[in-house]
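Okay, here's what each chain looks like letter by letter:
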Amino acid sequence: MDPYDAYCNALTVALDECAPLKPIRSKGRPPNPWYDDEIHEARMLRRRLERRRKKSSLEVDKQIYTAQCKKVVKLIELSKRNYYNNIFVQNSTNLSFYHLHKLLNPHVAQIPNADNDHILADDFAHFFHQKVSGILTEIAIQSIALPHTSLTIDSTPFISVFNRFTTITVDDVVTIVKKSPSSYCSMDPIATWLLKDERVLYIMAPTVKDAVNASLTTGVVPKSLKGALVRPLLKTKPGGRNSRQSVDKDDLSNYRPVSNTPFISKVLERIVVKQFNEYLCDHNLYDNYQSAYKGGHSTETFCSMLNLRSTCLSIKAMVSFLLYLICQQPSTPLTTRCC
């Protein structure tokens, strides 16, 4: 049996024994994160006072009920303020901007109008499949049309060659899983937050290690880890996120596919990237000004270098020429700019 299939089967059996599936009634939307027991008790008291006011019709009961309503409003405002203040103070800048954007722009699902969800899903699947097939065909045609040139290969032997990955241990699995985000895919046999629990993680870590090492040693990713749930996301115009409403949501070409892969495939991906980056760093194969896919680096380093070189050239009364490649649309022409 495939190691990943064994992992899924073990978790499925354990969940069926400990928490078997049973039908429940939906209670609506989940509670807000700032909602606490004090607010809940205050709202229950407000409801009791409201029933008493309606029953007695006394002015004193009306005043007590009004005062309780104001108290509930103040508790909610205070709880919201403290919750979001802790988010902006304790978290990183990127996460703070994420929550700020979420507050200012509530997410509303944008999908085409359709009478049948199954037909709409099939239409999206067919459209994305045709789109990918067209891209692959165009690449193949362009590669054939390219002129064949003779390459001179340096006969100097390589100092080192990255020809295989290193197998991992249980401790490596535990470390990577703990550092991974708690997001998960509905294809996962268990929620990520439950898998990251130490009581579950140390039991399932050997099985995860076997599944990852099987891929690292053979160089093959199992088909079960190649599957993904594809969610269509409406594109935005060059104006930004606020221009999303002006995009025709009934046109399938205005959507891009977003894949949600199983959690174990993301663990495998992080392990591969970690080992490959370590190899590049140990052998000094990174460019000094590379920013992408490099921890602790940003485009600020590259921009600072460009600014410094441009300043030095201007002091020497020399002309510098900077070339930008804009890849937003295939039909966008090449843009040049002189500094």
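For the structure, see preceding data.
Quick caveat, the model's predicted, so the values are computed rather than measured.

Colleague: Any chance you could break down the overall build of the protein chain for me, citing the residues and the numbers?
Modeller: In terms of helices and strands, the protein chain carries eleven helices and four strands. Out of the 339 residues in the protein chain, the part that is buried amounts to 22%. Contacts in the protein chain between residues at least 24 apart in sequence constitute 61% of all its contacts with a sequence separation of at least 6. When the accessible surface of the protein chain is totalled, it reaches about 26000 Å², and 57% of it is carbon and sulfur.

Colleague: Explain the environment of valine 212 residue by residue, including any values.
Modeller: Looking at the element boundaries, valine 212 is found in helix α8 (residues 198–218). Beyond its immediate sequence surroundings of up to four residues, valine 212 is in contact with Ile168, Leu268 and Ile271.

Colleague: So what's going on with a negative patch on the surface? Residues and values would help.
Modeller: A cluster of acidic side chains, namely Asp36, Asp37, Glu38 and Glu41, defines a negative patch on the protein surface. Looking at where aspartate 36 falls in the secondary structure, it is placed in the loop between α1 (3–18) and α2 (37–56). The class for aspartate 36 is partly exposed, based on a relative accessible area of 32%.

Colleague: Can you explain the packing of α1 against α8? Please cite residues and give values.
Modeller: The relative placement of two packed helices comes down to the angle between their axes together with the axis-to-axis distance. For the pair α1 and α8, interaxial distance at closest approach is 8 Å and the crossing angle is 160 degrees. In terms of axis orientation, α1 runs roughly antiparallel to α8. Of the two possible hands of crossing, α1 and α8 adopt the one that is left-handed. Where α1 approaches α8, its residues Pro3, Tyr4, Ala6, Tyr7, Ala10 and Leu11 are matched on the opposing element by Met204, Thr207, Val208, Asp210, Ala211 and Ala214. Here the contact of α1 with α8 is built from residues that sort into ten nonpolar, one polar and one charged.

Colleague: How would you summarise helix α5 (residues 117–145) if you had to cite specific residues and measurements?
Modeller: Given a rise of 1.5 Å per residue, 29 residues ought to cover 42 Å, and the 42 Å separating the end C-alpha atoms of α5 matches this to within 8%. Three or more residues of α5 are buried, namely Leu120, Phe124 and Phe128. Tucked inside the fold, the buried residues of α5 contact β1 (229–234) and β2 (255–260). Capping of α5 at its N-terminal end is provided by asparagine 116; its side-chain oxygen lies 2.8 Å from the backbone amide nitrogen of histidine 118.

Colleague: I'd like a description of the nonpolar core, backed by residues and values.
Modeller: Tyr4, Tyr7, Val212, Ile264 and Ile271 are the most contacted members of the largest nonpolar core, which has 24 residues in total. Only α1, α6 (170–179), α8 and α10 (263–282) provide two or more residues apiece to this core. Looking at this core, the element that brings in the most residues is α8, giving seven residues. Apart from residues lying up to four places away in sequence, isoleucine 271 is in contact with Ile168, Ile176, Val212 and Leu216.

Calculation criteria
Residues numbered from 1 in each chain as written. Predicted model: local features only at pLDDT ≥ 70, side-chain atom pairs only at ≥ 80, totals over all residues. Heavy atoms only, no water. Helix = DSSP H or I, 4+ residues; strand = E, 2+ residues; numbered from the N terminus. Buried < 20%, exposed > 50% of the residue type's maximum accessible area, 1.4 Å probe, protein only. Contact = heavy atoms within 4.5 Å. Areas by Shrake-Rupley, 256 points an atom, 1.4 Å probe, with all protein chains shown as cover. Patch = residues over 30% accessible without salt bridge, like charges linked within 9 Å, V, L, I, M, F, W, Y side chains within 5 Å. Salt bridge = Lys/Arg side-chain N within 4 Å of Asp/Glu carboxyl O. Lys, Arg positive; Asp, Glu negative; His and termini not counted. Charge placed at Lys NZ, Arg CZ, Asp CG, Glu CD. Axes fitted to C-alpha atoms, helices over the stretch in contact; angles between N-to-C directions. Parallel < 35°, antiparallel > 145°, perpendicular 65-115°, else oblique. Left-handed = near helix turned anticlockwise from the far one by under 90°. Nonpolar A, V, L, I, M, F, W, Y, C, P; charged D, E, K, R; others polar. Expected span 1.5 Å × (residues − 1). Polar contact = N/O pair within 3.5 Å; in protein donor to acceptor, adjacent residues only side chain to side chain. Core = buried A, V, L, I, M, F, W, Y, C linked by side-chain atoms within 4.5 Å.

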